[in-house]
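Inside the fold
Given next are the chains, with one letter for each unit.
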There are 2 protein chains.
Amino acid sequence: MFYVKTVSVVMEECFAKFTRKQENVTVALEDSLGFILGEDIIVSENIPGFDRSTVDGFAVYAEDTFGSSESMPSFLKVTGEILMGREADNPLHMGQTQKIPTGGMLPAGSNAVVMQEYTELLDDMVSIYKSVSPGENVIKVGEDLKDGQTIFKKGIRIRPQDIGLLAAMGIVSVNIIKPLKIAVISTGDEIVGPEVQHLAFGQVRDTNGYAVTALLKQYNFQGYYAGIIKDDYDTLYTTVHKLYEQYDVVILSGGSSVGTKDVTSKIIETLPNAEILVHGIAIKPGKPTIIAKSNGKLIIGLPGHPVSALVIMQHIILPILHHMQGTESKTFLPAVQAIINQNIDSQTGRTDIIRVRLTMGEDQHLIAEPERGKAGVFSSLVKADGYFIIPESVEGIEKGSMIDVLLYD
Amino acid sequence: MFYVKTVSVVMEECFAKFTRKQENVTVALEDSLGFILGEDIIVSENIPGFDRSTVDGFAVYAEDTFGSSESMPSFLKVTGEILMGREADNPLHMGQTQKIPTGGMLPAGSNAVVMQEYTELLDDMVSIYKSVSPGENVIKVGEDLKDGQTIFKKGIRIRPQDIGLLAAMGIVSVNIIKPLKIAVISTGDEIVGPEVQHLAFGQVRDTNGYAVTALLKQYNFQGYYAGIIKDDYDTLYTTVHKLYEQYDVVILSGGSSVGTKDVTSKIIETLPNAEILVHGIAIKPGKPTIIAKSNGKLIIGLPGHPVSALVIMQHIILPILHHMQGTESKTFLPAVQAIINQNIDSQTGRTDIIRVRLTMGEDQHLIAEPERGKAGVFSSLVKADGYFIIPESVEGIEKGSMIDVLLYD
C-alpha cells in the first residue's frame, strides 16, 4: 500500500536518495554556455597584470596634483606617451607626466591618472585642473583577479559573463558536469505521433513526449525522446529495461492513471534493486506521480494529463535532476509580483500550483488571472505566463492578495 | 558634434529606425525551442475531438445520479467498458452506465463521469454514491482547442509547453523568424586571444568577444565571433566592410574609448548611407556607445571596458535586436525584490545600472549589496547575481529601500 506524500517530504527523500553523480567532460569554452561547471577554477595570474588606466588622460604622481583646481592648476612636464599594448618603459619622476590611453599601462612611479578633460596641453607642459587621489582612475595589478583566488565554484551554471572572464583568464576549454542522459517514453494505446494528420476516434497526439523533451533541452540535459509505446506489458518491459541500461534517468509519461499505472509500477519493480519511493504526491495538479530508484538511477512515472505532467516536471523533477547532477547555482527564483483577481481555495497539506495569465492593471500593478483549465486542457498551460504556489501550510488565497508569480522561461 | 542621449531617447529612436525584418525559415518542431514563431498558428480541428473523461470511473447521464449519496446510492446497469484509444460504439441509455478510463471517449448519450472511488460494482450493477453535474469530469470536444481559433501569435518565443501543444495539433515543423546574423569583432592592439598563455606587458585577453557572442547565443541569435582586429584603419576598414556585406548586424567592441573611437566612427561613416544615430548614452556604465544605421543594418560600437560592454548589450542592444527580429513576447521582466544595504547616488538625466550580489537576510528578505567594481573590473559582473536600474528621473536610492533586481540568466 502506498500513501500520498507531501511535496516537502518528497523533495527531502529524493534529495537524500539520489546522491550526486560527478562525471566531467571537457568542452571548448565557447560551447560551455548553460552547462554546469565541473571543477573549481583557480586564478593563476594577476589580472590585470599591470596597473592600468581606466580613462584617457595623464599618468601622474597623485601628490603632484594635490590642491590643483581650475583657478590654481599644477604644471607637469610631459616626458612621453604610453601606447596601448606596449610596455611603459619610461619611469615617471615627480613633476613629470606621460599621456596615457584607456587601458594603457601606468609607468613605474605613477599612482593615478588625471582625465584628459581636466588637463590642457601646451607644448611639453600640461596644466592639471583637478586633484586626484592615489589609485584614482587606475585598476591596480590583481584588482580584477588575484593569483590563487578561487573565482568559480564547481556546480555553477555557466553564463555569458562567466565565459568572458574565463577567456580573460586564458582558459580555452572547461570541464563541465556531463549532462544526465534522460530517456522519455510516452505510453498509451490511444497516443499517436504528431505526424498523424487524421485522428481515428479515441486517438490523441503525443504532447508530453515533446514538451518534456523540450524542457530537458532547455536546461541542457541530454534528453532523448524514445517515442510512443503501447500499454502492453511485454513491449513496455523490453523498452524500459533497454533504456534503463543506456540512460541515467527514464521518464514514462501517461502510465500513471489508475488504468495503466499498475503496469508502469509493475515494470518499474522488475528493475534491479527497484525501490518505489513515491507513489502519489499531495499536489494539484499532478497527484498520480511515481518516483523510483533502481541502482542509483531515477525512474519517473509522470501523470498522463499533459498539464499535470509538465507541472510535475517543472516543480518536482527538475530540482531532483539538478541535484543529481550537482548543480549548485543559487536559486533565487525569478518572479514578478501580481495581485490575484479572485479567491482561490486550497486544502492544507496539499501544494497547489495555480497557472496564471498576467495583464498590466492600473497603477502599473500586474493582475494575475488563474487559468483554470482542467488537467487535460493543455492549452491552459500555453495561455499562462507563469504560475504561483500555494504551499501545504496555506489554506487559500484571498482576492486582492499580492502573490509571487514564477514566469515560464 | 555629437550629444549624449538619454536611454529613453536612444530606445525610442532605435525602435523607430530599425523596422522589423521578417524572413522565415522552417525547422522541425523539436528544434524550435527558444526561437521566435514566424507565423500565426490557427487550430484546424477540435481538440479533443471527442468528449473525454478526466478520471477513471463510470460514464453516466448526470441526471441519473442526482440526489445520490453514501446513504442513498443510485443503481445503474453496466452495459459495457470503454477501452482507451477505441471508439465508444455502444450508446448509453438512461439508467445505464459504462466503465471508462481516464482519457477514454464518452459513449453517445452520457454527459458526465462518476469517479471510481464513489462507486461500487456488484455483478452487472454499479452503486453510485455521489451526484455529478452535467459536464463533470469531462473535457468536451473542442474545449482545449477550437477549430479556427488563433492559438499562437507570430512573434512569441517558443517554450516547451508550446512545443507540446503544437505536437498535439499535429504540427511537425514550424516557421520561425530567421535569427539575425550578427558578427562580433574585438578591436585593440593590446587584445590577444585566450589561447595566449603568457601575456606580454600591456596585453590583455579578449573578454568582450567571448561574452557578447555567448550572450547572443543565449537568445538564439546567430552570433559569429570574427576575432581580434588590430586598431589599424585599413585592416579594420576591410574587415568591417566584409562583415557588413554578410551580416545583419556588426558589433565592434573595444573601439569606443577616446583613443580608438574616432577610427571606429570614421570607418562606420564609410558604410553605405551610414547614419550615426547615437554617439554616447547617458548611462553608467556604458556611456561611450555608438549606434549606427547603414541601409537598414545595425552597426554597434560597444564601450571597450568589458563591464560596460556587457551592460550595454543586456540593457540597450538586446531589446533593439529583439525588436528588429519581430519578437513580440510579453516582457514582464522577471525580478526578485531585495533591500538595498547602502545609499546609492545617481545623477538625474542618467540611467544607472547597479550590479548587486544577493544574500538571504533575516525574515527571508533578500539583501542586495552593490558590486562596485570599476568598469574595467570584469569579475564584478561575475560576482553579481543581477542588477537594478536607477532610471533617469531618479536621483538616488536610500539604504533600506526595496528594489527590483533583474537576475542574470
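Residues numbered from 1 in each chain as written. Chains lettered and ligands numbered in written order. Predicted model: local features only at pLDDT ≥ 70, side-chain atom pairs only at ≥ 80, totals over all residues. Heavy atoms only, no water.

**Considering the domain arrangement of chain A**
All names here are of chain A. In plain terms, the rule: Throughout the structure description, domain borders are defined by an automatic or database domain assignment. In this analysis, two residues are considered to be in contact whenever any of their non-hydrogen atoms come within 4.5 Å of each other. Note: buried area is the sum, over both parts, of the accessible area (probe 1.4 Å) each one loses when the two are combined. Within this document, salt bridges are pairs made up of a side-chain nitrogen of Lys or Arg and a carboxyl oxygen of Asp or Glu, the two lying within 4 Å of each other. Any N or O atom pair separated by 3.5 Å or less is treated as a polar contact, with the protein-specific requirement of one donor-capable and one acceptor-capable atom, and with residues adjacent in sequence counted only for side-chain atom pairs. Amino acids are sorted into nonpolar (Ala, Val, Leu, Ile, Met, Phe, Trp, Tyr, Cys and Pro), charged (Asp, Glu, Lys and Arg) and polar (every other residue, Gly among them).
Domain parsing of chain A yields domain 1 (7-22 + 179-324), domain 2 (24-47 + 145-177), domain 3 (52-139) and domain 4 (335-407). Using only C-alpha atoms to locate each centre, domain 1 and domain 2 end up separated by 33 Å. Domain 1 puts six residues into the contact, and the matching count from domain 2 is seven residues. For the domain 1 and domain 2 pair, buried surface summed over both sides reaches about 540 Å², with 48% attributable to carbon and sulfur atoms. Looking only at domain 1, the three residues that lose the most surface to domain 2 are Gln22, Pro179 and Asn220, adding up to 81% of its buried area. Across the domain 1-domain 2 interface, the total number found is zero salt bridges. The interface formed by domain 1 and domain 2 holds one residue pair in polar contact (both at pLDDT 80 or more) in total. For the side of domain 1 that touches domain 2, the per-class residue count stands at two nonpolar, three polar and one charged.

**Comments concerning the sheet that holds strand β13 (residues 181-187) of chain B**
Pairing between the strands of a sheet comes from backbone hydrogen bonds, and it takes one of two forms, parallel or antiparallel. Residue and element names in this part refer to chain B. Under the convention used in this document: Two strands pair under a simple rule: DSSP has to find at least two bridges between them. Helix and strand assignments come from DSSP, with helices taken as H or I runs of at least 4 residues and strands as E runs of at least 2, each series counted from the N terminus. Orientation is described by axes fitted as lines to C-alpha atoms, over the contacting stretch for helices, and by angles from 0 to 180 degrees between their N-to-C directions.
Taken in spatial order, the six strands of this open sheet run β16-β13-β17-β21-β20-β18, and their pairing is mixed. In this open sheet, the two strands that pair with only one neighbour each are β16 (222-229) and β18 (275-279). In this sheet, neighbouring strand axes are inclined to one another by 15° on average, regardless of whether the strands run parallel or antiparallel. When strand β17 (residues 249-253) meets strand β21 (residues 297-302), the two strands line up parallel, connected through five bridges. Its bridge partner lying in β21, Ser253 is registered against Leu302. Contacts from helix α4 (residues 208-218) reach β13, β16, β17 and β21 within the one sheet, and its direction differs from that of β13 by about 165°. Across the face of the sheet, helix α7 (residues 306-324) comes into contact with β13, β17, β20 (290-294) and β21 while running at roughly 175° to β21.

**What to know about the side chain of Ser253(A)**
Residue and element names in this part refer to chain A. Relative to the assigned elements, Ser253 resides in strand β17 (residues 249-253). Side chain to side chain, Ser253 and Asn208 meet in a polar contact 2.9 Å long. If we skip the residues at most four places from it in the chain, Ser253 touches Ile185, Ser186, Thr187, Asn208 and Leu302.

**Focus on the relation of the copies chain A and chain B**
For clarity, the cut-off: The superposition of copies rests on a least-squares fit of C-alpha positions from residues with pLDDT of 70 or more in both.
Between chain A and chain B, the superposition needs a rotation of 180° and an axial shift of 0.0 Å, giving an RMSD of 0.1 Å. With respect to symmetry, the two chain copies, as superposed, fit the operation of a two-fold axis. Taken as a fraction of all interface residues of chain A, those also at the interface in chain B reach 100%, which identifies the copy contact as same-surface.

**Observations regarding the pairing of strand β22 (residues 335-340) of chain B**
All names here are of chain B. Across five bridges, β22 lies against strand β28 (residues 402-407) in antiparallel orientation. Across the sheet, residue Gln337 finds its bridge partner in β28, namely Asp404. As paired elements, β22 and strand β25 (residues 366-370) share three bridges and run parallel to each other. Within β25, the position partnered with Ala338 by the bridge is Leu366.

**Here we look at the sheet that holds strand β20 (residues 290-294) of chain A**
Residues and elements named next belong to chain A. One open sheet holds the six strands; their spatial order is β16-β13-β17-β21-β20-β18, and the pairing between them is mixed. Across the chains shown, the open sheet's two edge strands, defined by having one partner strand only, are β16 (222-229) and β18 (275-279). Direction aside, the axes of adjacent strands within the sheet are offset by 15° on average. Sitting on the sheet, helix α4 (residues 208-218) is in contact with β13 (181-187), β16, β17 and β21 (297-302), with an inclination near 165° to β13. Here helix α5 (residues 233-246) sits on the sheet in contact with β13, β16, β17, β20 and β21, set at roughly 170° to β13.

**Concerning the packing of helix α1 (residues 7-17) of chain B against α7(B)**
To characterise two packed helices, one gives the angle between the axes of the helices and the distance between these axes. All names here are of chain B. In plain terms, the rule: Note that the term roughly parallel is reserved for angles under 35 degrees, roughly antiparallel for angles over 145, roughly perpendicular for angles of 65 to 115, and oblique for everything else. Left-handed describes a crossing in which the near helix is turned anticlockwise from the far one by less than a right angle; the clockwise case is right-handed.
Viewed as axis vectors pointing N to C, α1 and α7 meet at an angle of 20°, and their least axial separation amounts to 10 Å. Taken as axis vectors, α1 and α7 run roughly parallel relative to one another. Like other packed secondary-structure pairs, α1 and α7 cross with a definite hand, here right-handed. Contacts from Val7, Val10, Met11, Cys14 and Phe15 in α1 reach His315, Ile316, Pro319, Ile320 and His323 in α7. For the contact of α1 with α7, the residue count by class is eight nonpolar, two polar and no charged.

**Looking at the interface of chain A and chain B**
Facing the 86 residues of chain A at the interface are 86 residues of chain B. Summed over both partners, the interface of chain A with chain B buries about 7,000 Å², with 62% contributed by carbon and sulfur atoms. Remark: the boundary between chain A and chain B carries two salt bridges. The partner of Arg205(A) in a salt bridge is Glu45(B), and the shortest N-O contact between them spans 2.6 Å. Take the side of chain A that touches chain B: its biggest share by element is eight residues, from helix α3 (residues 160-168) of chain A. Among the residues making up the side of chain A that touches chain B, the classes are represented as 43 nonpolar, 20 polar and 23 charged.

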